[in-house]
Amino acid sequence: MSRRVVITGVGLVSPLGVGTEATWQGLVAGRSGIGPITRFDTTDFPVRIAAEVKGFQADTWLEPKEARKFDLFVHYAVAAADLALAGSGYTITAENATRVGVVIGSGIGGLPSIQENHRILLERGPRRISPFFIPGSIVNMPSGLVSIRTGAKGPNSATCTACSTGAHAIGDAYLYIKHGYCDAALCGGAEAVITPLAVGGFASMRALSTRNDEPERASRPWDRDRDGFVMGEGAGVVFLEELSSARRRNAPILCEVLGFGMTGDAFHITAPAEDADGPARVMAAALADAGVAPEAVDYINAHGTSTPHNDRIETLAIKRVFGEHAYQLSISSTKSATGHLLGAAGGLETGITALAVANDLVPPTLNLDHPEEGCDLDYTPHQPRRREIRVAISNSFGFGGTNACIVLGKVR
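Residues numbered from 1 in each chain as written. Predicted model: local features only at pLDDT ≥ 70, side-chain atom pairs only at ≥ 80, totals over all residues. Heavy atoms only, no water.

1. What about the overall build of the protein?
In step 1: What the protein contains, in helices and strands, is 13 helices and 15 strands.
In step 2: What you see for the protein is a C-alpha radius of gyration of 20 Å, in line with the 22 Å of a compact globule of 412 residues.
In step 3: If one aligns the C-alpha atoms of the protein with their principal axes, the spans along those axes are about 65 × 55 × 40 Å.
In step 4: Expressed as a percentage of its 412 residues, the buried residues of the protein come to 60%.
In step 5: A separation threshold of at least 6 residues defines the contact pool for the protein, and within that pool the share at least 24 residues apart is 79%.
In step 6: Split by element, the accessible area of the protein, about 15,300 Å² in all, is 53% carbon and sulfur.
In step 7: When the 37 basic and 43 acidic side-chain charges of the protein are each reduced to a single mean position, those positions are 5 Å apart. (Helix = DSSP H or I, 4+ residues; strand = E, 2+ residues; numbered from the N terminus. Rg over C-alpha atoms; globule rule 2.2 N^0.38 Å. Buried < 20%, exposed > 50% of the residue type's maximum accessible area, 1.4 Å probe, protein only. Contact = heavy atoms within 4.5 Å. Areas by Shrake-Rupley, 256 points an atom, 1.4 Å probe, with all protein chains shown as cover. Lys, Arg positive; Asp, Glu negative; His and termini not counted. Charge placed at Lys NZ, Arg CZ, Asp CG, Glu CD.)

2. Some thoughts on empty space enclosed by the protein
In step 1: If you walk through the whole model with that rule in mind, you get two cavities of 30 Å³ or more.
In step 2: Its volume calculated, the largest cavity comes out at about 50 Å³.
In step 3: Lining the largest cavity we find Pro-272, Pro-279, His-303, Gly-304, Thr-305, Asn-310, Asp-311, Ile-313, Glu-314 and Phe-397.
In step 4: In terms of residue count, the dominant contributor to the lining of the largest cavity is helix α11 (residues 308-322) (four residues).
In step 5: Residues of the lining of the largest cavity, tallied by class, amount to four nonpolar, four polar and two charged. (1 Å grid on protein atoms, 1.4 Å probe; cavity = no way out; pocket = protein on both sides within 12 Å on 5 of 7 lines; lining within 4 Å. Points joined across faces, edges and corners; volume = space filled by probe spheres on them. Nonpolar A, V, L, I, M, F, W, Y, C, P; charged D, E, K, R; others polar.)

3. Details of the nonpolar core
General note: in soluble globular proteins, nonpolar side chains tend to be found buried as a group.
In step 1: Within the largest apolar cluster, 42 residues are counted, with the highest numbers of intra-cluster contacts made by Ile-7, Trp-24, Leu-240 and Val-257.
In step 2: When near neighbours in sequence (up to four residues on either side) are disregarded, Ile-7 contacts Val-238, Phe-239, Leu-240, Pro-252, Ile-253, Leu-254, Cys-255, Val-257, Thr-350, Ala-354 and Leu-408.
In step 3: One finds Val-53, Val-78, Ala-79 and Ala-184 within the second-largest nonpolar core, a separate group that totals 35 residues. (Core = buried A, V, L, I, M, F, W, Y, C linked by side-chain atoms within 4.5 Å.)

4. Quick word on the layout of surface pockets
In step 1: Put simply, the largest pocket is a space of about 390 Å³.
In step 2: In terms of lining, the largest pocket is formed by 27 residues, of which the most central are Thr-270, Ala-271, Thr-307, Asn-310 and Phe-399.
In step 3: For the lining of the largest pocket, the elements supplying multiple residues, two or more each, are α11 and β14 (391-398).
In step 4: At three residues, α11 tops the list of elements feeding residues into the lining of the largest pocket.
In step 5: When grouped by side-chain class, the residues that make up the lining of the largest pocket number eleven nonpolar, 13 polar and three charged.

5. Quick notes on the environment of Met-283
In step 1: In this fold, Met-283 is placed in helix α10 (residues 277-290).
In step 2: Met-283 sits in the buried class, given a relative accessible area of 0%.
In step 3: Measuring from C-alpha to C-alpha, the distance between Met-283 and Gly-261 comes to 6.7 Å, with 22 residues separating the pair along the chain.
In step 4: Ignoring any residue separated from it by four or fewer positions in sequence, one finds Met-283 in contact with Ala-317, Ile-318, Val-321, Phe-322, Ile-393, Asn-395 and Cys-405.

6. Thoughts on the packing of aromatic side chains
In step 1: Evaluated as defined, the whole model comprises seven aromatic pairs.
In step 2: Here the aromatic rings of Phe-56 and Tyr-76 are separated by 4.9 Å at their centres, their planes lie at 85°, and the arrangement is edge-to-face. Residue Phe-56 is found in the loop between β4 (49-50) and α2 (64-67), and its partner Tyr-76 is found in helix α3 (residues 72-88); the two are separated by 20 residues along the sequence. Across the pair, Tyr-76 and Phe-56 agree in class, each one buried.
In step 3: Both rings, one in Trp-222 and one in Tyr-379, keep their centres 4.1 Å apart while their planes meet at 15°; by these two values the pair is stacked. You can see Trp-222 sitting in the loop between α8 (196-204) and β8 (234-242) and its partner Tyr-379 sitting in the loop between β12 (361-362) and β13 (385-386), a full 157 residues away along the chain.
In step 4: Of the aromatic side chains, those joined through ring pairs into one cluster are Phe-202, Phe-229 and Phe-399. (Phe/Tyr/Trp six-rings, centres within 6.5 Å; stacked < 30°, edge-to-face > 60°.)

7. Some words on the pairing of strand β15 (residues 402-409)
It is a general feature of regular strands that their side chains alternate between the two faces of the sheet.
In step 1: Counting buried positions over the eight residues of β15 gives eight, a clear majority of the element.
In step 2: With burial as the criterion, each face of β15 is covered, one bearing Thr-402, Ala-404, Ile-406 and Leu-408 and the other bearing Asn-403, Cys-405, Val-407 and Gly-409.
In step 3: The pairing of strand β9 (residues 255-264) with β15 spans eight bridges and is antiparallel. Paired with Gly-259 across the strands is Val-407, a residue of β15.
In step 4: Here β14 runs beside β15; their pairing, made up of eight bridges, is antiparallel. Among the inter-strand pairings, Val-391 is bridged to a residue of β15, identified as Gly-409.
In step 5: Linking β14 to β15, which pair antiparallel, is a turn of three residues; within it Gly-400 sits at a positive phi near 90°. (Pairing = 2+ DSSP bridges.)

This is a description of form; function is not addressed.
If you want it as structure tokens, here you go:
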């Protein structure tokens, strides 16, 4: 069995806004969601900036008593899933519930709860640890809670593949629908780890930007003056649906999921190989799965982290796969505006790519003032661009050498 799969709903909670429209409008307006960290005292930290979600009210989505049981990344996932389901117009009923899946992952999970309950253990003893600590912080709880809240009884799982998590979750759900395990699915990623331990850990790797005095200019993919990524948080969930089902109910189809690819670098725990083998193979695999020639692609939502090594390697991978057509592509890194959402990045960026296809509008790459030598493709600097987007891809690469690529296109 091989069935066509479309996206009929997108739910985004990001540093640009709580809601899909707020995030999209912030992107195309060229607004940055990056600023000083407000969650904890950063006096002793070399990194004092991040892309925090502002104005999020958990009790908009969950009863206050229920919200207290769960870590912040679960709150974000619930909100994004609700937004995606509402946007799709799909109603989960007793008749179709077993045919609706949930696949929402996280790269790290409930680190704030882990830190807080460790503090309680040390200061107040083991009897004062919350009974909700474990279920409220485990990686699969977004999928579990969204299933419970919506009544979706189909395949229920969670990916955990570092910064490829959200894309792998969507890829898994796409395969479930394509091969008949379910007819629809809420899928994506959620992350909320702007904590002393996480910021300190990434800072010790020298992976984060220290442009503390200009936070809105800190994430600058492909720019010669980039000095690391900016940590972000939030969630991105899309509603996937089998095409004939969406057409029967006149659903708002944004685009079709044409293909999906996965590869492993087998090289290094944090760095891609200099020959760009893993990223190149994942794009080629996704295009082969989609039955799409490289020359048919119009837009790439790049992984584009703003780290010196990864941006250069991704550019090389694009050139390897697309050849001369690489110079005809529109490419952008929306992490320049949202920061890097880690395990939620692939969910957020797949949702953004779906909106780009639906609107024929390429979001910009902010802060690209002086492209590094060799980074000579069209990265859509500063301003969004109108162009027909027939086919687009979204790239996600993660620690451990795990790569994902999703191909989206207009429904034909």
